[in-house]
Amino acid sequence: MNRRRPPHSASAEELLTTLQHLTSRARREVEVHQARVELAQALQREMLPSTLPVLPGLQAAARYTPARSGLDIGGDWYDGFRLPDGSLAFAIGDVQGHDVEAAAFMGQVRIAMRALAVTASDPGEVVRRTNDLLLSVDSGLLATCTFVRLDPRTLELQSARAGHVGAVWATADGRSGVTEDEGGLPLGIQSGEEYPVTTRRLAPGSAFVLLTDGVVEGPSYPLDQGLDAVVQLVRSRVGDSADELADAILRTAARTGHEDDAAVLVLRHEASPAAAG
């Protein structure tokens, strides 16, 4: 008489009802998430430029791909446009986060840089003003970027970097490496931050590659190892077209585990040293 009664066992019908409720809720959550991903993808497609500016002897190519899972999208961008004085401007960057908010913030950064580059010829000033403008809207997001100004007569590159991964370069005579330019903090951290400018020349037959860390870094793939792999690739294929190089570099992102989206922007001087002389 003192034995406890066994707990009530759920019937098969009750278990099925519970399972249906859980399945329905999961489906709704997946549909909402998928809608956000599709919206972020649409924003990214509309915000990235369909073409890049070029000059006689200069090739430019860019590529973007979302994370391999297809769920992380919205943070990386590239841009290229012509300035009123005839110079060309190029930029690449990576926004913290991967969703609709990140895609929208990416658009704000890109538009701000385009507008400010018209009135400020110095790349460091463009990045500084962009940083201050983004802080004024108080979005709470951060972004890394590199902004480059190319002189059409001398093919001199002036660049400023805000917490972004270094660029890869290679020349026709076999030299190559990763830039170690002094830079400033990522955008959106501290107002009044200064961004030093580095000047270099795009030599005949050389390539200059801007990229995001999704190309060279993964959960079990260190950044330095990824950069070394891209340096070796660019050095061995520096004679390829900008489009061929961009495709080849983006393919290397697969070895990182590709949990982040990835972007590549290639500038290549197609003239040979002999022809330039």
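Keep in mind it's a predicted model, so treat the numbers as computed, not measured. (Residues numbered from 1 in each chain as written. Predicted model: local features only at pLDDT ≥ 70, side-chain atom pairs only at ≥ 80, totals over all residues. Heavy atoms only, no water.)

1. Side note on the environment of Pro123
Tracing the sequence through the fold places Pro123 in helix H3 (residues 123–137). When the C-alpha positions of Pro123 and Tyr195 are compared, they lie 8.3 Å apart, and in sequence the two are 72 residues distant. Discounting chain neighbours no more than four positions away, the residues touching Pro123 are Phe147, Arg149, Gln158, Ser159, Ala160 and Val197. (Helix = DSSP H or I, 4+ residues; strand = E, 2+ residues; numbered from the N terminus. Contact = heavy atoms within 4.5 Å.)

2. As for the confidence of the model for the chain
In this model, the chain carries a mean pLDDT of 84, and residues with pLDDT of at least 70 account for 79%. Residue range residues 273–277 is modelled with pLDDT below 50. Its contacts to residues more than four positions away, or to other chains, number three contacts. (pLDDT = per-residue confidence, 0-100.)

3. Regarding the sheet that holds strand E1 (residues 58–65)
Hydrogen bonds along the backbone pair up the strands of a sheet, which may run parallel or antiparallel. Taken together, five strands build an open sheet; the order of strands is E1-E10-E9-E6-E7 and the sheet is antiparallel. The open sheet terminates on both sides in strands that have one partner only, identified here as E1 and strand E7 (176–178). Taking the axes of each pair of neighbouring strands and ignoring which way they run, one obtains an average angle of 10 degrees across the sheet. As paired elements, E1 and strand E10 (residues 262–269) share eight bridges and run antiparallel to each other. Across the sheet, the residue bridging to Gln59 is Arg268, located in E10. (Pairing = 2+ DSSP bridges. Axes fitted to C-alpha atoms, helices over the stretch in contact; angles between N-to-C directions.)

4. Some words on the nonpolar core
Ranked by internal contacts, the top residues of the largest apolar core, which has 47 residues, are Tyr78, Val127, Phe147, Leu187 and Leu267. The next biggest cluster of nonpolar side chains, apart from the first, holds 24 residues, and it includes Val165, Val215, Val231 and Leu233. (Core = buried A, V, L, I, M, F, W, Y, C linked by side-chain atoms within 4.5 Å. Buried < 20%, exposed > 50% of the residue type's maximum accessible area, 1.4 Å probe, protein only.)

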